[in-house]
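So you can see what is in the structure, the chains are spelled out below.
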Amino acid sequence: MKTNVNLWWILTAFFGLVAVVYVVWNIIAHPQLPVFNRIEWVGSVALVFVTAMGAMIAFYTSRVEKAQGGVLPEDSLTADIDDGDPEMGEFSPWSWWPLVLAGSAAVAFIGLAVGEFMIPIGFAIFVVAIVGWVYEYYRGYFAR
């Protein structure tokens, strides 16, 4: 985990440096324009935002690393597979509902491009799929 934290701080510093170099380079490259018009704003703002996003991820990973209270077995090079927590959650490998949910999102987004009448159809498919996914263990062969 410490490696990830350091990597994100290095990437943040790199993108910050690139943003500064990009702005200064644009100012130097166009001496005939006023200073405010020399800056290429789209790329400059994008690089500043990438720097900010990298800083957010670095801050988050550093807080998680500090909160976990030491090296986890997953991060130790000498750990065995059995040393980690075996509970990973409950998954349904036979479930078709995630595919239906993806299809409902596709129908809704196609509705943005083709025609607005498809957006409510996609939303209706979404409601059916999310209810089916939530209640799939309450009926049928896998009911509990």
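Reading the values: the criteria
Residues numbered from 1 in each chain as written. Predicted model: local features only at pLDDT ≥ 70, side-chain atom pairs only at ≥ 80, totals over all residues. Heavy atoms only, no water. UniProt positions renumbered as here; feature names shortened; annotations may be inferred. Helix = DSSP H or I, 4+ residues; strand = E, 2+ residues; numbered from the N terminus. Expected span 1.5 Å × (residues − 1). Buried < 20%, exposed > 50% of the residue type's maximum accessible area, 1.4 Å probe, protein only. Arc of directions from axis to C-beta. Contact = heavy atoms within 4.5 Å. Domains from an automatic or database assignment. Polar contact = N/O pair within 3.5 Å; in protein donor to acceptor, adjacent residues only side chain to side chain.

Going by the annotation in an unreviewed UniProt entry, the name recorded for the protein chain is cytochrome-c oxidase, with Microbacterium oleivorans given as the source organism. The Function (unreviewed entry) field of the UniProt record for the protein chain holds the comment "Part of cytochrome c oxidase, its function is unknown." Here the protein chain is described in UniProt, under the heading Sequence similarities (unreviewed entry), as follows: "Belongs to the cytochrome c oxidase bacterial subunit CtaF family."

(A) Representation of helix α4 (residues 97-113) in the model. For α4, spanning 17 residues, the distance from its first C-alpha to its last is 25 Å, which sits close to the expected 24 Å at 1.5 Å a residue. Where α4 is concerned, the buried positions are Leu101, Ser104 and Gly111. Buried residues in α4, looked at end-on, bunch into an arc of 80°, giving them a common side. The exposed set on the far side of α4, more than 90 degrees from its buried face, consists of Leu99, Phe109 and Ala113. In this fold, the buried residues of α4 make contact with α5 (118-134).

(B) Structural detail: the domain arrangement of the protein chain. For the protein chain, the domain assignment lists domain 1 (2-71) and domain 2 (96-135). Computed over C-alpha atoms, the centres of domain 1 and domain 2 are 37 Å apart.

(C) Region of interest: the environment of Phe117. You can see Phe117 is positioned in the loop between α4 and α5. Through-space distance from the C-alpha of Phe117 to that of Asn4 is 46 Å; in sequence the pair is 113 residues apart.

(D) Local environment of helix α3 (residues 41-67). Between its terminal C-alpha atoms α3 stretches 39 Å, which fits the 39 Å expected from 27 residues at 1.5 Å a residue. Among the residues of α3, those classed as buried are Gly43, Ser44, Leu47, Thr51, Gly54, Ala58, Thr61 and Ser62. Where α3 is buried, its residues contact α1 (2-29). The opening residue of α3 is Glu40, an N-cap whose side-chain oxygen sits 3.4 Å from the backbone nitrogen of Val42. Following α3 by one or two positions, Gly69 has its phi on the positive side, about 70°.

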